[in-house]
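Summary of structural features
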Amino acid sequence: MPAIAAKVKAENDTFYWHLGDFRWISSEDQDMRAMEPAGSHRSREEYLREAWDDFLEHQMTPFGSLPCFLARGNHESNKP
């Protein structure tokens, strides 16, 4: 997402529309898993507690003050 944010800002777009799939809630999201130290593993409960804040910090923050509109995707419709 940081690369997308950089491209959107470089093109002077006026907003970004995120079409869902913020986090894979039925299992651990690959973006979060990739940031874990080698050999570590977070529990399902930890993942569910951290997933939304992690999305905001690592995927939305790069857009800065650019308006971002979020739409639900099929991942958000899965039951945790």
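Look up a bit, the structure's there.
Here, residues in each chain are numbered from 1, in the same order as that chain's written sequence. Only residues with pLDDT of at least 70 get local features here, since the model is predicted, and only at 80 or more are side-chain atom pairs given and counted; chain-wide, interface and lining totals rely on the full set of residues. Remark: hydrogens and water are excluded; side-chain values derive from all non-hydrogen atoms of the structure.

**Concerning the pattern of salt bridges**
Whenever a carboxyl oxygen of Asp or Glu lies within 4 Å of a side-chain nitrogen of Lys or Arg, that contact is scored as a salt bridge. Under the counting rule described, the total for this entry stands at four salt bridges. A salt bridge links E28 to R42, with the shortest nitrogen-to-oxygen separation between them at 2.4 Å. With E28 in the loop between strand 1 (16-18) and helix 2 (30-34) and R42 in the loop between helix 2 and helix 3 (44-60), the pair connects residues that are 14 residues apart, well separated along the chain. When a residue's accessible area, from a 1.4 Å probe over protein chains only, is under 20% of the maximum for its type it is buried; when over 50% it is exposed; and in between it is partly exposed. Exposure remark for E28: the relative accessible area of 12% places this residue in the buried category. Given the relative accessible area of 16%, R42 is considered buried. In DSSP terms, a helix is any run of H or I states spanning at least four residues, a strand is any run of E spanning at least two, and both are numbered starting from the N terminus.

**Focus on a nonpolar patch on the surface**
Like charges are joined within 9 Å and nonpolar side chains (Val, Leu, Ile, Met, Phe, Trp, Tyr) within 5 Å, but only among residues with over 30% relative accessible area and no salt bridge; these make up the patches. For the area figures, the Shrake-Rupley method with a 1.4 Å probe applies, and any residue is considered shielded solely by the protein chains shown. Residues F15, W17, L19 and F69 make up a contiguous nonpolar surface patch of roughly 480 Å² in combined accessible area. Along the chain, W17 falls in strand 1. Classification of W17 by relative accessible area gives exposed; the value is 52%.

**Quick word on the environment of A5**
You can see A5 is positioned in helix 1 (residues 2-10). Along the primary structure A5 and Q59 are separated by 54 residues, whereas in three dimensions their C-alpha atoms are 8.6 Å apart.

**Quick notes on the packing of aromatic side chains**
Aromatic rings considered in pairs are described by the distance between their centres and by the relative angle of their planes. Stacked, edge-to-face and tilted labels apply to pairs of Phe, Tyr and Trp rings (six-membered ring for Trp) whose centres lie within 6.5 Å, assigned for plane angles under 30 degrees, over 60, and everything in between, in that order. Within this structure, the stated rule accounts for three aromatic pairs. For the pair Y16 and F63, a centre-to-centre distance of 4.7 Å together with 20° between the ring planes defines the contact as stacked. Placement of the pair is Y16 in strand 1 and F63 in the loop between helix 3 and strand 2 (68-70), with a sequence separation of 47 residues. A single burial state applies to Y16 and to F63, both of which are buried.

**What to know about the nonpolar core**
Grouped together as the largest cluster of nonpolar side chains are eight residues: A5, V8, Y16, F22, F55, M60, F63 and L66. Every element with two or more residues in this core is listed here: helix 1 and helix 3. Setting aside residues up to four positions removed in sequence, Y16 forms contacts with M1, I4, V8, F63, L66, P67, C68 and F69. Residue types Ala, Val, Leu, Ile, Met, Phe, Trp, Tyr and Cys, when buried and joined through side-chain atoms within 4.5 Å, form a set referred to as a nonpolar core. In this description, contact between two residues means that some pair of their heavy atoms is separated by no more than 4.5 Å.

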